[in-house]
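Listed here are the chains, written in short residue letters.
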Amino acid sequence: MLSLKNIVKDYPVGDDTVHALRGVSIDFRENEFVAILGQSGCGKTTLLNIIGGLDKYTSGDLIINGRSTKDFRDRDWDTYRNHSIGFVFQSYNLIPHQTVLSNVELALTLSGVSKSKRRERAVEALKKVGLGDQINKKPNQMSGGQMQRVAIARALVNDPDIILADEPTGALDSETSVAVMEILKEISKDKLIIMVTHNPDLAQRYATRTINLLDGKVVSDSQPFEADSEAAEKAADKPVSKEKQKKTSMSFGTALSLSLNNLMTKKGRTFLTSFAGSIGIIGIALILSLSNGVQAYIDRVQEDTLSSYPLQIDRQTVDLSSMFSSEGSPVGDVSKREDDRIYSNDYMFGMMNTMMSQVITNNLRDFKTFLEDDANGIGDLVTDIQYKYETPMNLYRADTQNGLVQVNPTTLFEDMYAAMGIDFSMDSNASSVYTNTITSMGIFSEMLDNDELLESQYDVIAGHMPENYNEVVFIVDEDNGVPDSILYALGMKDFSEVEEILKKAMSGQPIENNPIEQVSFSFEEILDMEFKLMLNTDYFVKENGVWVDKTKDDAYVLSKLQECETIKIVGIIRPAPDAVATSAAGGIGYTEELMQHLINKVNESDIVKEQKATPDINVFTGMKFTEGEMTEEMFNEYLQTLPEDERTKIEQSVQMMQNMGMSMEEILKMSAEQFENTATYESNLKLMGVADLNEPSSILIYPKDFESKEAITAKIDSYNSGAKDGDEITYTDYIGLLMSSVTTIINAISYILIAFVAISLIVSSIMIGIITYISVLERTKEIGILRAIGASKKDISRVFNAETLIVGFGAGAIGIGVTLLLNIPINIIIKSITDIGGLSKLPFVGGFALVIISMLLTLIAGLLPSRVAAKKDPVIALRTE
């Protein structure tokens, strides 16, 4: 039941006040057709807007079902309009970019009705007004009478108690007007219809009650009704369904749908707006692409470089950094130096002193335990940690048809010196050069125990990567080439052609061009190669109670090889095209499992067990290890343990020294140090190749990148601070801060460029805010319609916020799409200039983040326009054309 009690409505107009309603009091029955008549400006529409909750009265009271509205808040009025009122306007007030069905469904959407029920009820309401077959049309595709019937269906769909019709036939012809009035008359049988009209004939013909207004007052009422207190109490106690008690709220999906449909009616402007907003996104995305690509390249360079230059910690080391840190100290009183003379500073003595004092022994046993403790976090900072041991890996070609071919350690350079007539055993300088050369040669090298890194650095072009300890791979360069020195060392090329060239060179004969012929091998030939692994302990045979060295006995070695384990090449690998550096050097790569297997086999051999069981007895002589001065008897016993050729040379040397007048006592004293070094427990174990897996001779740490390297060095410093005296780890950082500053520079440049480009992003966001405000002005009537059907101020804000989000998403998506397209030619240009491919690459997370940033910026830019929209007076908004 609806009652108006002494309603007054005043409008301030400048300094004056317009009295639109002057104490209007009317009680309405629950179902009747009321026509309100009066000349223009008498207050009819104002009265209708107050009844509908679109306008607020100045004084008096509007009583709804026995409840006063004096204390109504905005949310209460919104609920009242949505659940209790249905509006039918003279100009239809349909939302033009929505279909007929969507226009009718809108009120149900605000009520929180499910999608299936919304459609069912909307279609039913349209069928009632004869438009069941027009649900997918847009309002501009319909006649005036059809649009008014859509408006009636929209008013009915939420089953309101009251229908308010403001000049419902004012824009229709007489025939259509009659059809519309017949519909309203039918509805009035169970609802209250209040119609404002200028046409007294329509009122007399269809209305059951006519009220005339004049100058804001009721001057006549054909069927007056006065609600008593009992009726008011009954109305107040009347049960209200839960659905009608619900507060109205527009879902974000509905807001998006309204805004998207509106934007699609202005596709050109929407696209240009989004494109303008995308310019800043494109700039930042391109910078991010290049920055990400360059950073990824730097990371790859770091990882690949550090896989070639690890952090090396040796059992015995010299702190080279402190050796070369000084420029030398002045000698004498500097003040007495003359300006026109140059003076030497003390540098060499200081360096020599440092060299002698800075030889440091590292406790690698405890440090290995520290590295392998997960709690210390070293594993997260490295690609691999390699442990090196002094156990020799003696490898021979398995194919012995052409005699013995030792491939590791290689005898290539020893053979070259022999071809030049240099005797290794007599030339200590040549021996030193040879030792240094084969050490750096690296024909056989241990690969990193990191499958992911190896896969990124190498392509397997034949076979497969090692899967067992006795499997190795053959390593070639980018062009499938391999140094011929490795082929000679592996016995794959005939060394006699090298000997021929060296002999000619030594005899002074000219050598024209390159006489060495190039050769090639099939993958099958390489994969057929096998080697024999001979332990250091395999060279020793027990004879007459002592162990005899058979290293120089080729016949013995050849026979022994038949019992040795086979090592097989199972794959051929080549550096990947995008690999900056590679971790494995040399021609053959093996796994750490092979070295571990080798050490375990050596440690389990009979000679090693015997020596460890009798640590005071030299297993090569059967005598106790020497202590004190050497006697002639001890010297002779020692000679008997040596191979015959070596014993003969020593005897000849002794005889020569005696001929020169030296006494046997002097000779023994001169030989004592060499004898002692040869005959110690530790030297015997070293000669056998014994090693402890828990105590490596050196540790190679491969950091993931330079930041990880810094973190590792910090952890080593922390380890040293807690270590006992003498157990600190000392190492030399050879690569230092080679590239760490490059990352900082790239980041700094990227941040600066992004800051500049961000200005355009902010400007474009402001522009979107302005365009959103223009959209608010264009959709003012739509705002009024939404408010009339129960949308709250927050709902209106949500509609325009949704619009800015859509535009922001469009700007971000266009920006990312254009960036991805531009990256194609950019990468082609960079590739042609630098030979680095794929340098400009937008990360997925970065692209996603930029779209989110674009949406947030446009949302912020649209907050003010959306707030303006929410504050618009619905009455004024409905009058806007």
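If you're wondering where the values come from, they're calculated on a predicted model, not measured in any experiment. (Residues numbered from 1 in each chain as written. Predicted model: local features only at pLDDT ≥ 70, side-chain atom pairs only at ≥ 80, totals over all residues. Heavy atoms only, no water.)

## Topic: the confidence of the model for the protein
On average, residues of the protein score 82 in pLDDT, and 85% of them reach the 70 mark or higher. Here residues 426-440 scores under 50 on pLDDT; set against residues more than four positions off or in separate chains, the count is 15 contacts. (pLDDT = per-residue confidence, 0-100. Contact = heavy atoms within 4.5 Å.)

## Some remarks on helix H27 (residues 681-688)
Every buried residue of H27 is accounted for by Asn684, Leu685 and Met688. Take H27 and look down its axis: the buried residues cluster within an arc of 100°, on one side only. Seen from the open side of H27, the exposed residues pointing more than 90 degrees away from its buried face are Glu682 and Lys686. Note on H27: the residue one or two positions beyond its end, Gly689, has a positive phi of about 90°. (Buried < 20%, exposed > 50% of the residue type's maximum accessible area, 1.4 Å probe, protein only. Helix = DSSP H or I, 4+ residues; strand = E, 2+ residues; numbered from the N terminus. Arc of directions from axis to C-beta.)

## Thoughts on helix H2 (residues 74-84)
One turn of an α-helix holds 3.6 residues; hence residues three or four places apart share an orientation. Most of H2 sits out of view: nine of its 11 residues are buried. Three or more residues of H2 are buried, namely Asp76, Trp77, Asp78, Thr79, Tyr80, Arg81, Asn82, His83 and Ser84.

## Examining the packing of aromatic side chains
Summed over all chains, the structure comprises 10 aromatic pairs. With centroids separated by 5.8 Å and ring planes inclined at 70°, the aromatic side chains of Trp77 and Tyr80 adopt a geometry described as edge-to-face. With Trp77 and Tyr80 both in helix H2, this residue pair falls three residues apart, about one helical turn. Judged by centre distance (5.1 Å) and plane angle (55°), the ring pair of Phe540 and Phe620 falls under tilted. One end of the pair, Phe540, is in strand E23 (residues 540-543); the other, Phe620, is in the loop between helix H23 (606-613) and helix H24 (632-640), and 80 residues separate them in sequence. The rings of Phe72, Trp77 and Tyr80 are connected pair by pair, giving a single aromatic cluster. Lying across the ring of Tyr387, Lys368 places its NZ or CZ 4.7 Å from the centre. Directly above the ring of Phe800 sits Arg779, whose terminal nitrogen or CZ lies 4.9 Å from the centroid. (Phe/Tyr/Trp six-rings, centres within 6.5 Å; stacked < 30°, edge-to-face > 60°. Lys NZ or Arg CZ within 6 Å of the ring centre and 35° of its normal.)

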